[in-house]
Amino acid sequence: MRRQLRKRPEPQESESSVVQSERLRLVRTQSNVDPGEFARAVEVGLTAKPKYLPCRFFYDDEGSRLFEEICELPEYYLTRAERSILRDHAQEIASRFSGPVTLAELGSGSASKTRILIEALLARHGALRYVPVDISHSMLEESSRALLEEYRSLEILAIAAEYREGLRRLARETNRPKLILWLGSNVGNLYREEAAEFLESLRRSMAPPDRLLMGIDLRKDRDTLEHAYDDARGVTARFNLNLLARINRELGGRFDLASFDHRAVYNQEAGRVELYLVSQKAQAVPIESLDLVVPFKKNETIDTEYSFKYSLDEIQGLAFAAGLTLERQWLDRKQRFSVNLFAPAADKS
Ligand code: AVI
């Protein structure tokens, strides 16, 4: 079951670039937009056994808005824990570089936690080049403009692309050491082997002085985890159900959202929270533009997301598999979340 990363043929180096101002350049790779992709994934996933939908499709405008809301929920400790670690250690991170750096970020979104590092790096080195990579062109443009307003000595190259294409573009930024951010435990939405493989390709794009700063959520008790993914206000339920709403909006689906439940289960052995949508009854749902009717049995599930959690040993194992060295690791006060600084392993670079 493929979730976040897509394997595609190597794309042609085709990109369109718009210079917005002296301090802002936006680059968009051609393969960034593929209007048929969602339709194909829905057809494949809803005719499979068991049914599934890849979690990368959560993030249309409504899904991105709901995700921002999730990040502020009392039960979703991940964002707060990561933010507190960054606040406590941003200066130490900035001091690890002796001169100006390029700060790159994968899946930057609204870049809210990034500000902490931007400020520390600007305070230490005076100037900063920020290179956010995100699939959403509109989010990139909006957050880049806001950052440039706030920070006069900042320069931005914003890349609207998927991670792999973004990395290829990023590898061309060679004039300064890079600090690459991959925050929010986004790595958790990849299978463990996929995560190692992706990090290895990321490591191959790094030069010896470059560093990767990655937020990784930790294994912990079932209660804390299941509440984090099934909050009392039902925001995560709406986020999950938005996948069906998106099929209705974009593909002429006739899902009745009220007849599906949101379920979050911690699979302790695999160390992952699993999200499902569960059909409350036997039903058949037409999806017009796919010319498809999807049958559901009562209690039949659609797998929508796995969110892998790591032990400290598993983080070391991940680093080893990817050819990275864990240079420094910080945990929050309750030891729920980790922020990790990796260097390319000396024998690999
Ligand atoms: C984006 N990703 C790291 C989130 C997570 O925790 O796996 C997505 C999420 N799904 C439900 N709540 C948050």
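Up top is the structure.
Residues numbered from 1 in each chain as written. Predicted model: local features only at pLDDT ≥ 70, side-chain atom pairs only at ≥ 80, totals over all residues. Heavy atoms only, no water.

Moving on: the overall build of the protein chain. The helix and strand inventory of the protein chain stands at 10 helices and 15 strands. Taking 20 Å as the expected radius of gyration for a compact globule of 349 residues, we find that the protein chain reaches 20 Å, a close match to that expectation. In terms of principal-axis extent, the alpha carbons of the protein chain reach across some 65 × 45 × 40 Å. Across the 349 residues in the protein chain, those meeting the buried criterion constitute 56%. The long-range share in the protein chain, meaning contacts at least 24 apart out of those at least 6 apart in sequence, stands at 72%. For the protein chain, the accessible area works out to roughly 15500 Å², and carbon and sulfur atoms hold 48% of it. Here the protein chain contributes 52 positively and 54 negatively charged side chains, and the mean placements of these two sets differ by 1 Å. (Helix = DSSP H or I, 4+ residues; strand = E, 2+ residues; numbered from the N terminus. Rg over C-alpha atoms; globule rule 2.2 N^0.38 Å. Buried < 20%, exposed > 50% of the residue type's maximum accessible area, 1.4 Å probe, protein only. Contact = heavy atoms within 4.5 Å. Areas by Shrake-Rupley, 256 points an atom, 1.4 Å probe, with all protein chains shown as cover. Lys, Arg positive; Asp, Glu negative; His and termini not counted. Charge placed at Lys NZ, Arg CZ, Asp CG, Glu CD.)

A few words on the site of the ligand. Tyr76, Asn189, Tyr229, Glu305 and Ser307 are the nearest of the 13 residues found near the ligand. With respect to the ligand, the side chain of Asn189 contributes an N or O atom lying 2.9 Å from a nitrogen atom. Relative to its unbound accessible area of 340 Å², the ligand is 99% covered by the protein chains. Among the cavities detected, the one that contains the ligand is the largest cavity. (Near = heavy atom within 4 Å. Polar contact = N/O pair within 3.5 Å; in protein donor to acceptor, adjacent residues only side chain to side chain. 1 Å grid on protein atoms, 1.4 Å probe; cavity = no way out; pocket = protein on both sides within 12 Å on 5 of 7 lines; lining within 4 Å. Sits in = over half its atoms within 2 Å of the grid points.)

Quick look at the pairing of strand 10 (residues 272–279) now. Most of strand 10 sits out of view: eight of its eight residues are buried. Of the two faces of strand 10, the one carrying Arg272, Glu274, Tyr276 and Val278 and the one carrying Val273, Leu275, Leu277 and Ser279 are both buried. The turn linking strand 9 (residues 260–267) back onto strand 10 is made up of four residues, and Gly271 within it adopts a positive phi angle of 65°. (Pairing = 2+ DSSP bridges.)

Now for the nonpolar core. With 76 residues, the main nonpolar core has Leu213 and Ile247 as its most contacted residues. Here the element with the most residues in this core is helix 3 (residues 77–95); it accounts for eight residues. Apart from the residues within four sequence positions on either side, Leu213 is in contact with Leu86, Ile93, Leu117, Leu179, Ile180, Leu181, Trp182, Leu183, Trp330, Val339, Asn340 and Leu341. Grouped together as the second largest cluster of nonpolar side chains are 36 residues, Ile159, Leu170, Leu212 and Tyr306 included. (Core = buried A, V, L, I, M, F, W, Y, C linked by side-chain atoms within 4.5 Å.)

Turning our attention to empty space enclosed by the protein. Counted according to the given criterion, the structure contains one cavity of 30 Å³ or more. Forming the boundary of the largest cavity are 17 residues, of which Phe67, Tyr76, Asn189, Tyr229 and Glu305 lie nearest the centre. For the lining of the largest cavity, the secondary structure elements donating two or more residues are helix 2 (61–71), helix 9 (235–251) and strand 13 (301–308). Residue composition of the lining of the largest cavity, grouped by class: eight nonpolar, seven polar and two charged. (Points joined across faces, edges and corners; volume = space filled by probe spheres on them. Nonpolar A, V, L, I, M, F, W, Y, C, P; charged D, E, K, R; others polar.)

Turning our attention to helix 9. In this model helix 9 runs 24 Å from its N-terminal to its C-terminal C-alpha over 17 residues, within 8% of the 24 Å that 1.5 Å per residue would give. Asn242 marks where helix 9 bends most, by close to 35°. Where burial is concerned, most of helix 9 is hidden: 13 out of the 17 residues are buried. Looking one or two places after helix 9, you find Gly252, whose phi comes out positive at around 65°. (Expected span 1.5 Å × (residues − 1). Bend = angle between axes of the 7 residues up to and from the residue.)

Once that is clear, we can look at the side chain of Thr102. If you trace the backbone, Thr102 turns up in strand 4 (residues 102–106). Given a relative accessible area of 0%, Thr102 falls into the buried group. Beyond its immediate sequence surroundings of up to four residues, Thr102 is in contact with Arg129, Val131, Arg176, Pro177, Lys178 and Leu179.

Let's shift gears to the environment of Ala81. Within the secondary structure, Ala81 sits in helix 3. Judged by its relative accessible area of 7%, Ala81 falls in the buried class. When the C-alpha atoms of Ala81 and Arg333 are compared, they prove to be 8.1 Å apart, with 252 residues separating the residues in sequence. Leave out the neighbours within four places in its chain, and Ala81 touches Asp332 and Phe337.

Looking now at the environment of Leu312. Secondary-structure assignment places Leu312 in helix 10 (residues 312–322). With 17 residues separating them along the chain, Leu312 and Gln329 place their C-alpha atoms 9.5 Å apart.

Let's shift gears to the side chain of Lys220. Turning to its location among the elements, Lys220 is positioned in the loop between strand 8 (211–217) and helix 8 (222–228). Separated by 3.0 Å, the side chains of Lys220 and Asp217 make a polar contact. From its side chain, Lys220 meets the backbone oxygen of Arg336 in a polar contact 3.0 Å long.

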